[in-house]
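Now for the letters of each chain:
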Amino acid sequence: MNKLYRHSILVLLLVSLLAVYGCSSGNGNNNAASGADANAPGTAEPAPENLASELRFPLAQQVPTLDPHLSLNTNVYVTLNIFEGLFAFDANFNPVPMLAESYDLSEDGKTYTFHLRQGVKFHNGKELKAEDVTASLNRWKSLTGRAQASLGESEFTIKDDYTVELALSEPRNDIISQLSHVLNNAAILPKEVVEAAGPDGVKEYIGTGPFKLVEWKQDQYVHVAKFDDYQSVDTPASGLSGKKEAYLQDIYFDIVTDSATRFSSFLAGTYDYVDVTLDNLPQVEGLAGVTVNKNLGSDINLVFNKKSPLFSNIKYREAVAAVLDADEILLGTVNSPDLYRLNPSYMYPENTTWYSEAGKENYNQKNPDKAKQLLQEAGYSGQEVTLLTTKELGGSFYNATIVLQKELEAIGVKTKLDINDFATLLKKRADPYAWDIYVGLFTMPSTPSQLLYLNPTYGFAEDAKLAELTKQLTAASTPEEIKTANDALQQYEWEYLAAVKIGDTYSQSATRDKLTGLTTLAGYPNLANTKLSQ
Amino acid sequence: MAFYITRRLLAMIPVLFVLSVIVFLIIYLIPGDPAAVMLGDGASPETIEALREQMGLNLPLLPQYLRWIGHTLQGELGDSFFMRQPVRTALAEHLGPTFSLALLAELIAIVIAVPLGVRAASRRGELADKALTGFSLFGITVPGFVLSMFTVLLFSVQLKWLPVSGYKPLSDGLITHLKYLILPALSLGIVQAALLARVTRSSMLEVLNEGFVKTALAKGVSEQGIVYRHVLRNALLPILTVIGGSFGALLAGAAVIESIFNIPGMGQLLVNSVQRRDYAVIQGVILFVAFAYVMVNLAVDLLCTIVDPRVRLK
Amino acid sequence: MPLLEIKADELAARRLRLKRENRKLFVRRFLVNKAAVTGSVLIALVAAVSLFAPWIASRDPYAIDVVNRLKAPSAVYPFGTDNFGRDLLTRVVYGTRMSAEVGFAVALGSSAIGLVIGLYAGYFKWLDQILMRVMDGLFAFPAVLLAIAMMAALGPSVGNLILCLIIVFVPSIARIVRSSVLTAKETTYIEAMHTLGASHNRIIWKHILPGSLSTLIVQGSFIFAEAIIVEAALSFLGAGIPAPTPSLGNLLSDGKLYIYNSSWMTLFPGLALVLVVLAMNLFGDGIRDLLDPHARRSLTKRLVQPLKQRPAPFQAGSAAADEPLLQIRELKTQLHTERGRVPAVDGVSFEVGKGEVVGIVGESGCGKSATAQSVLRLFDEKRLAEYEGEIRYNGIDLLKLTPKQMRSVRGNEISMIFQDPLSSLNPVHTIGEQIVETLRLHRPIGKKEAWTKAVELLRLTGIPAPERRAREYPHQLSGGMRQRVMIAIALACEPQLLIADEPTTALDVTIQAQILELILDLNRRMGMSVMLITHDLGVVAEACSRVVVMYLGQVVESGDVRTLFEKPLHPYTIGLMQSIPRLDGDRSQELAAVPGSVPSLDQLPQGCRFAPRCTYADDKCRTVMPELAALPGGDTLVRCWHAGKLSGMEA
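The numbering scheme is per chain: residues are counted from 1 as the chain's sequence reads. By the order in which they are written, chains take letters starting at A while ligands take numbers starting at 1. Local features in a predicted model are, by the rule used here, given only for residues with pLDDT of at least 70; side-chain atom pairs are given and counted only at 80 or more, and totals for whole chains, interfaces and linings are based on all residues. Side-chain metrics in this entry use all non-hydrogen atoms of the structure; hydrogen atoms and water are not considered.

An unreviewed UniProt entry lists chain C under the name ATP-binding cassette domain-containing protein, with Paenibacillus phytohabitans as the source organism.

Named according to an unreviewed UniProt entry, chain A is ABC transporter substrate-binding protein originating from Paenibacillus phytohabitans.

Below, the structure is given as structure tokens:
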């Protein structure tokens, strides 16, 4: 009895162990049927001799969705290689035609006519036609706050197979920018894919870019492969525009959320590109075969909840603007004077069209006495100011907020730090009763009209004059008109204080010299034209 | 025996039920929702609302719970919002890595801890005993991520023997599979070993006081024979229990280690799902973990009956 | 003077003395227990740091000073600064305090709640089912999720974190308390309380609780440490103590991004964490050792003089025909116990001839068991025992053998059986396996053959159906059968000497007779000598040919059994004989007893050790130790100054 019993138990346990292994399919089924996976990965002709065919690229954050019209910032690293829009920015942020061949603007500036390139293929073999453009862009519009603000009720319509029309109710000068900027991702997908999409996104990821999606393992990696039928434009490559040639057969975007792991992997040779923190910098600075690059990154702004009890009153906003020491906040955020710059404008100086210095006397005032005075005038009696922030997204939001907290407390303002995870933060930010001040990093748009915090849904800016000036800005057509309108808007913004600009930050990255052809725009790397030597 | 097993499995049901209610309540209370997370920063409120409708997030509490319970009982755990696959599939895919990791970590722990504990018990007060105390305190206090940092620096960056992070399934070959798992398993295993060594030692010491040890001595059994043939087997019961408990805990996923080493296991799945508010997955993982825990305990109990004939199935 | 005459106040005085002694002993043991002491010192250090934080670290732990960020340790900033320019020493001090507070609150809270749950679950069976199911459910719930969820749902705060961690740790405490309650419930003490009519609550709180307290303290200290570590892990995931409040977990998490160039940000919090966790773990370990009744470690360090191990020429069974099989000469065995060095065997000499059955008699604590174990050198010679004198077996001095040589004596030449057969048999091996082990240790014999022989031996010792029994486990047999098994094991290699240490004491009376008969039968048939240790004079009378009477580690009288019974010489022996109740005795008389009780071995009187209890003792007795000597004209050896004069007294 004993032996039999013993053996049967051991057998039972062994069997269950095997069953567990059998049940678990760690190999995984491929998710995200991409429709274009008739080709096994990398079956195209082998790479030229001394070039590697595969690149592994680390991503610092998860990709919640690959739908280009959703969740804009987080998936751009990947989607800009898969999808394309009608236009793209060059290195100077000038729009250059991409899927469009050219466009016409009517005399009154209200009607855009886009002429599409012919013979452009989607990853599923279908040719790009107007119906795809209108379907995609109308969807894009309905899902993007910025686009809705710009386009209003207008829709894209089909003129003929290769012509699309957009009729606006009033002239706007930011349409082409919006269609270009990677931030907005006005990507073109096939009509059928767009129509089959649900509220949670498209079900297939078909674009026109030089790489096509092969496999997406959520939380692990995104695998794209060279699209052999890619139709490149002929203009020289600049920024995200121009010629795109895929020298790589396969790119794996690995999701590695731990910065130390990313860096160790770079050192170990798994990756040839990595973001570099201040702490890691000395390790790559002298390293042979490695170049350290400094890239302009996000800017930092303080946004007021203009419906909150205190900050609906302009005097309180002015008080905060007065005490603000931008250098201190920026230093606390990036830890090194090399990694930030002061900038009183809501746009970057590199963006010559839209850069303005109007109102800069209100920037970086560092005036605690003035602030205390204003507080007194406003009748401050110790109410608590809630600073909404999160420790996620790399920790920069938190770092900036905590320095601000110190500055506020120094003039006697009672503050409360409200730290949340990202999901809760999103929810609270939409609730006018939940916060007073929010300090965040923002990806710089190409025109002021696209600034999030000027938008009523963000920080609850409801000011008639602001709206009016913004409208004038987008209606301006000549460079002089633009300059006047822009100065006026920025000047007013420095008075109205929907938000307070703090400064611009840089990020650093390290690249191995054997990885060539990598360009970035607004911090996003363009992997077309990239070569990796063996 | 079959009867016993069935009874144990049935006893699990009320536990799972209680858990499911707790989980559901907690999730209901947490602010934030997956729609906003998926659509991101610049999305308009209308878009978010439309998605919420589709996800069924606007239903009141009880109907949501009942709907979920109903599906679960049919084996339908629902679909993950973010992974675009059924929860069942997500669980299955993430089970393998965690299971391998837990198994390897536990093996490492056993291989280190049991001999160390046995030696320390039989040479009480001497070097081996002191070494055990030192080691176990080290293992308990050094945080996992610090340990992993050093091992990665040494083995991956300096020596380039092992990869820094990632995971390759068993189907890619046993050696490859192990290469990716060994560093995280080491970080986990050493901590487990610390605890296990102490339990081994104290269990051995207790048994060493038993009468039959004297009998064995009087029979002329060598010290080695006494320790390994007589004492160890008697000391196994508490050791096995601890192993079972720690293995169960590992199955819940060592979230921190998995995130450092990028292993797509249960821990990572759980943390990501909570951050994204992927409700169906959260619930699925919790239920699964509880189930696994009960099963591991059952296995340990069965093993105990083999080890100690006095223990009977009740 | 009967025992009952001891006065009440004497009793009280004695109890007080005992209490004081025990306390002193406890303190002594505590001070020697390095773990407990070190742990306590460290705990005191941590407590001091926590209490005096504002004085030790005068800066504000929240004060941001970006200009002075990431400064290395210096005179101005002893631990350096972090990336916001905050003084790290201050942060670490306050962080330690915060972590200690959390650890303490969690340990206390979970212990209290777990205690109540465990007590009631262990006590009331119906409650047990419900409570334990819930505990199991909670146990399986991953702490990480619970923390993240609670922090998100209830808001991040220290209080919520403590609450969360308490929930996490309650199940394990409840489990442990519950099992100790289950064990306590079985004791006769508790059953007696029931019978006395004590209420449930009273029983639980007054009688069962104290037993669980010690485990609770130990577990509590471990939970303290673990709570701090869990908090550190949670901080890493962003669900710990909300920033910017310093906690060791937060500090470690902050330091991670600066670990290469500003390693002090990780080093100092890490050291503090190690310190706190170390303190609690050491303390818990120490207390556990202290409270463990088995851990009577010696107070002195390792023995300086382990027995000399000169390989001596050794052959089995080659003594001359007239030489006694076993000769013990001036054997002294010193045991190192917590009370110091105790001479358990103090100059004992006697012999066992071939085929003889010699009885060793005496009260508990007289050293008979120690003598027996010394023959086989069963004591731990590294830590416990020191031997002096000679033990000659077949002419060879056993005390001079190497361990390996000694092993071939044990179970082979000389076998021993013990008092309690249940605890003396290995519960996880079958009967047959245990006999086979002995056989295969000393004989070149195969498994099958050994098994057959084992069955034979079982048959020999009178066990019915031996083939079946051989496959069974000790717990499946009755007490008497187990003792037979022990004997079978002892006989397996046909030893020349069997040492039986109180073989019948733990058995029923009827079984006693059977076992005794078996031993004697084997003695007759196999010519095996027997050293029979007992406190039962009846057994001695029946079985032994010679008797050795021991008292307080010495032989006080030894000789022929008849002579001893008819004419005891030593006052102690006389007393013993007198105290045997007889059927034909005068019932109107009081039952005679030897007055007083045996003093402990660390409080030996000067002179004759029996003097304090002896009716005939005089000054000489009290000051000078008598020698063990034979009276003129007799064979009996006796240790008494007045032996000759007393021989006139009738037994």
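Next comes the rest of the write-up.
A. The arrangement of empty space enclosed by the protein in detail. A pocket, in this scheme, is an open set of points on a 1 Å grid over the protein atoms alone with protein on both sides within 12 Å along at least 5 of 7 lines, while a cavity is a set where a 1.4 Å probe fits but cannot get out; residues line either one if an atom lies within 4 Å of a point. Grid points are joined across faces, edges and corners, and a volume is the space filled by probe spheres set on the points. Per the counting criterion, the structure on display carries 17 cavities of 30 Å³ or more. In this structure, the largest cavity encloses a volume near 190 Å³. In terms of lining residues, the largest cavity is bounded by 18 residues, among which Phe83, Glu84, Gly85, Ala88 and Ser180 of chain A are the most central. In this description a helix means any DSSP run of H or I spanning at least four residues, a strand means any run of E spanning at least two, and both kinds are numbered starting from the N terminus. For the lining of the largest cavity, the elements supplying multiple residues, two or more each, are β2 (87-89) and α5 (175-180) of chain A. It is β2 of chain A that contributes the most residues to the lining of the largest cavity, 3 residues altogether. Throughout, the ten residues Ala, Val, Leu, Ile, Met, Phe, Trp, Tyr, Cys and Pro are labelled nonpolar, Asp, Glu, Lys and Arg are labelled charged, and all others, Gly among them, are labelled polar. When the residues that make up the lining of the largest cavity are grouped by side-chain class, the tally is 11 nonpolar, 5 polar and 2 charged. In this structure, the second largest cavity occupies an estimated 110 Å³ of space. If you trace the second largest cavity, you find 14 residues lining it, with Ala260, Thr261 and Ser264 of chain A together with Met149 and Val152 of chain B closest to the centre. Only α7 (259-268) of chain A together with α7 (144-158) and α11 (255-261) of chain B provide two or more residues apiece to the lining of the second largest cavity.

B. Structural context of the confidence of the model for chain A. Every residue is assigned a pLDDT by the predictor, reflecting its confidence on a scale from 0 to 100. Model confidence for chain A is summarised by a mean pLDDT of 86, while 94% of its residues fall at 70 or above. Residue range residues 27-47 of chain A is modelled with pLDDT below 50. Its contacts to residues more than four positions away, or to other chains, number 38 contacts. Contacts between residues were defined by any pair of non-hydrogen atoms, one from each residue, lying within 4.5 Å.

C. Representation of the interface of chain B and chain A within the structure. Contact residues are listed per partner, giving 56 residues for chain B and 54 residues for chain A. Buried area: the sum, over both parts, of the accessible surface (1.4 Å probe) that disappears when the two are put together. Summed over both sides, the interface between chain B and chain A buries roughly 4,800 Å², with carbon and sulfur atoms accounting for 59% of that surface. When a carboxyl oxygen of Asp or Glu lies within 4 Å of a side-chain nitrogen of Lys or Arg, that pair is called a salt bridge. Seen at the junction of chain B and chain A, the total is 3 salt bridges. When the shortest N-O distance is used, the salt bridge between Lys217 of chain A and Glu93 of chain B registers 3.5 Å. For the purposes of these results, a polar contact is taken to be a pair of N or O atoms within 3.5 Å, where, inside protein, one atom must be able to donate a hydrogen and its partner to accept one; residues adjacent in sequence count only when each atom of the pair is a side-chain atom. Taken together, the connections running from chain B to chain A amount to 9 residue pairs in polar contact (both at pLDDT 80 or more).

D. Molecular detail of the environment of Asp60 of chain C. All names here are of chain C. Tracing the backbone through its elements, the reader meets Asp60 in the loop between α3 (53-56) and α4 (88-123). Residues Asp60 and Leu477, spaced 417 residues apart in sequence, show a C-alpha to C-alpha distance of 72 Å. Within the local environment of Asp60, its side chain forms a polar contact with the backbone nitrogen of Tyr62, the two atoms lying 2.9 Å apart.

E. Structural detail: the nonpolar core. Counting residues in each nonpolar core, the largest one holds 265 residues, and the members touching the most others are Leu302, Leu404, Ile437, Tyr453 and Ile502 of chain A together with Val106 and Leu165 of chain C. Ranked by the residues each element gives to this core, the list is headed by helix α13 (residues 279-307) of chain B, at 17 residues. For Tyr453 of chain A, the contacting residues outside a window of four places in its chain are Asn301, Val303, Tyr346, Phe442, Tyr458, Ala461, Ala498 and Ala499 of chain A. Listed in part, the 100 residues of the second largest apolar core include Leu326, Leu331, Ile445 and Val547 of chain C. Only buried residues count toward a nonpolar core, which is a set of Ala, Val, Leu, Ile, Met, Phe, Trp, Tyr and Cys residues joined through side-chain atoms within 4.5 Å. Each residue gets one of three labels from its accessible area relative to the maximum for its type: buried under 20%, exposed over 50%, partly exposed in between, using a 1.4 Å probe on protein chains only.

F. Focus on the packing of aromatic side chains. All names here are of chain A. Pairing of aromatic side chains requires ring centres within 6.5 Å, counting the rings of Phe and Tyr and the six-membered ring of Trp. Pairs whose planes differ by under 30 degrees are stacked, by over 60 edge-to-face, and all others tilted. Applying the stated rule across the entire model yields 30 aromatic pairs over all chains. Plain terms: the ring middles of Phe114 and Phe156 are 6.4 Å apart, the flat faces sit at 35° to each other, and that makes the pair tilted. Pair noted here: Phe114 is in strand β5 (residues 111-116) and Phe156 is in strand β6 (residues 156-160), with a separation of 42 residues, a long-range link. Classification of Phe156 by relative accessible area gives buried; the value is 3%. Between the aromatic rings of Phe311 and Tyr316, the centroid separation amounts to 6.3 Å while the plane-to-plane angle is 75°, which identifies the pairing as edge-to-face. Judged by relative accessible area, which is 3%, Phe311 ranks as buried. Clustering of aromatic rings is evident, with ring pairs tying together Phe87, Tyr103, Tyr112, Phe114 and Phe156. A cation over an aromatic ring shows up here: Lys294 above the ring of Tyr506, its NZ or CZ 4.6 Å from the ring centre. Note on geometry: a ring has a charge over it if NZ (lysine) or CZ (arginine) is within 6 Å of the ring centre and within 35 degrees of the ring normal. Here the guanidinium or amino end of Lys531 rests over the ring plane of Tyr247, the centre of that ring lying 4.6 Å away.

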